[in-house]
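# What the coordinates show
Take a look at the letters that make up each chain.
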Amino acid sequence: MYRRLALVFPLALALAGCGGGGDRPRELAASQITTIGVNSYLWRASLDTLSFMPLLQTDSNGGVIVTDWYINPTTPTERMKVTVSILDTDLRADAVRVAALREVNRGGQWVAAPVQAATVQKLEDVILTRARDLRRSAIAG
């Protein structure tokens, strides 16, 4: 009897989770359904936006992405490091925060240099635009 329950119980759970297939409301699918701790569109958009940089740390439950230092081949005397924090499960403009560090090479030594505020704002804008595009695609598709 216990063996039969052991076989039937997981099957019953799987069927209960199906919920009739296409019954999921599109607005929920587009705004908050997530298997990670933060908004999945912002998370995916952040990874896409930073895909050219080496990743040092990612935490999808905490919503943190940290890149390693990146040197643009066109400006080899400058390097950047970026941290993206996703702060909410909703797709909102204030749910993403970008911080950046910049260093310049002076005489073989990397020295901290200021990051233009426009650089951080531009990265946030690119992430938000990409997240909105992903959401639109999910609603349409």
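Up top is the structure.
Residues numbered from 1 in each chain as written. Predicted model: local features only at pLDDT ≥ 70, side-chain atom pairs only at ≥ 80, totals over all residues. Heavy atoms only, no water.

This part is about the pattern of salt bridges. By the definition in use, this model includes 7 salt bridges. Residue Arg130 pairs with Asp48 through a salt bridge whose shortest N-O separation is 3.0 Å. Highlighted residues: Arg130 in helix α4 (residues 117–140) and Asp48 in helix α3 (residues 40–49), separated in sequence by 82 residues. We classify Arg130 as partly exposed; its relative accessible area is 33%. Here Arg102 ties to Glu78 by a salt bridge, and the two come within 3.2 Å at their closest N and O atoms. Here Arg102, found in strand β5 (residues 96–106), pairs with Glu78, found in strand β4 (residues 78–86); they are 24 residues apart in sequence, far enough to count as distant. A relative accessible area of 22% means that Arg102 is categorised as partly exposed. (Salt bridge = Lys/Arg side-chain N within 4 Å of Asp/Glu carboxyl O. Helix = DSSP H or I, 4+ residues; strand = E, 2+ residues; numbered from the N terminus. Buried < 20%, exposed > 50% of the residue type's maximum accessible area, 1.4 Å probe, protein only.)

It is worth spelling out α3 at this point. α3 sits mainly inside the fold: 7 of its 10 residues count as buried. All of the buried residues in α3 are Tyr41, Leu42, Trp43, Ala45, Ser46, Leu47 and Thr49. The opening residue of α3, the one whose side-chain oxygen lies 2.9 Å from the backbone nitrogen of Tyr41, is Asn39. (Polar contact = N/O pair within 3.5 Å; in protein donor to acceptor, adjacent residues only side chain to side chain.)

Inspection of the sheet shows strand β1 (residues 55–59) paired to strand β2 (residues 64–67) by 4 bridges, in the antiparallel sense. The residue of β2 that forms the bridge with Asp59 is Val64. Relative to β4, β2 is paired through 3 bridges, and the arrangement is antiparallel. In the sheet register, Val64 faces β4, and the bridge partner there is Ser85. (Pairing = 2+ DSSP bridges.)

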